[in-house]
Amino acid sequence: MAYVSSMTYTNEAQFLEAVQQARSAQIVRENARAAALAKKAASFQNIFQNSMNQYKASGPVQSPVTSEALDGFFQKAAETYGISIDLLRAVAKQESGFQTDVVSSAGAIGVMQLMPSTASYLGVSDPYNAEENIMGGARLLSELLNRYNGDISLTLAAYNAGSGAVDKYGTIPPYEETQNFVSKIKASLGM
């Protein structure tokens, strides 16, 4: 608000009028600023909506993956890495519900919920590609099974919480999410 001093006015009425004019001017400036911001916001919304419409019109980036195709990917991965197809499916079901385009709040991607750094380490160039994702998850499970001498509990715990956490505790880490992950998968495998 503009500075108004009572010393420049001859009476209280003039001073109060000047204060009111200063307040009115401030309200006009605030309204103008709000209108400008609203215009910018509307412009952004229009640009965003147009971009989304163009994206939707271009169709999906990849065609939907059928359950038969997923079965083939699981079979190929199990054979390639010498691990149980049932284990692969159980992990995929628990991790993503077999969704190929899901991203967790932590940033894990795809059917086997690979973190970007893990996907890169495993040679998965497109973690949204179901075949690559499943092959990467199978490779990781195979490596973990070897590291933990076939101990399925430690393998699953390391898949969920990382090898560092398993190595730190020497067992399934005391994380509720990891403990639930291990027990649910083992139960689905009949263990």
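All values reported here derive from a predicted model rather than from experimental measurement.

Take the overall build of the chain next. On a plain count of helices and strands, the chain comes out with eight helices and zero strands. Listing every helix and strand of the chain by position from the N terminus yields α-α-α-α-α-α-α-α. Scored against the burial criterion, the 191 residues of the chain give a buried share of 31%. Of all intrachain contacts in the chain linking residues separated by at least 6 positions in sequence, the fraction that spans at least 24 positions is 37%. As displayed, the chain has an accessible area near 11900 Å², and 53% of this comes from carbon and sulfur atoms.

Attention now goes to the environment of Leu144. By secondary structure assignment, the location of Leu144 is in helix 5 (residues 130–147). The exposure class assigned to Leu144 is buried, which follows from its relative accessible area of 6%. For Leu144 and Gly162, which are 18 residues apart along the polypeptide, the C-alpha to C-alpha distance reads 9.8 Å. Those residues within four positions of Leu144 in sequence are excluded, and the remaining contacts are Thr155, Ala158, Tyr159 and Ser163.

Turning to the environment of Ala119, a few remarks are in order. Looking at where Ala119 falls in the secondary structure, it is placed in helix 4 (residues 116–121). Take Ala119: its relative accessible area is 1%, and that puts it in the buried class. Here the alpha-carbon distance between Ala119 and Gly136, two residues 17 residues apart in the chain, equals 6.7 Å. If near-sequence neighbours (up to four positions away) are discounted, Ala119 is found in contact with Leu114, Val124 and Pro127.

Our next topic: unusual backbone geometry. Despite not being glycine, Phe98 shows a phi value in the positive range, around 70°. Mapped onto the elements of the fold, Phe98 is located in the loop between helix 3 (85–96) and helix 4. At Gln113, a position not held by glycine, the phi torsion is positive, near 50°. Examined against the element boundaries, Gln113 turns out to sit in the loop between helix 3 and helix 4.

Cut-offs applied
- Residues numbered from 1 in each chain as written.
- Predicted model: local features only at pLDDT ≥ 70, side-chain atom pairs only at ≥ 80, totals over all residues.
- Heavy atoms only, no water.
- Helix = DSSP H or I, 4+ residues; strand = E, 2+ residues; numbered from the N terminus.
- Buried < 20%, exposed > 50% of the residue type's maximum accessible area, 1.4 Å probe, protein only.
- Contact = heavy atoms within 4.5 Å.
- Areas by Shrake-Rupley, 256 points an atom, 1.4 Å probe, with all protein chains shown as cover.

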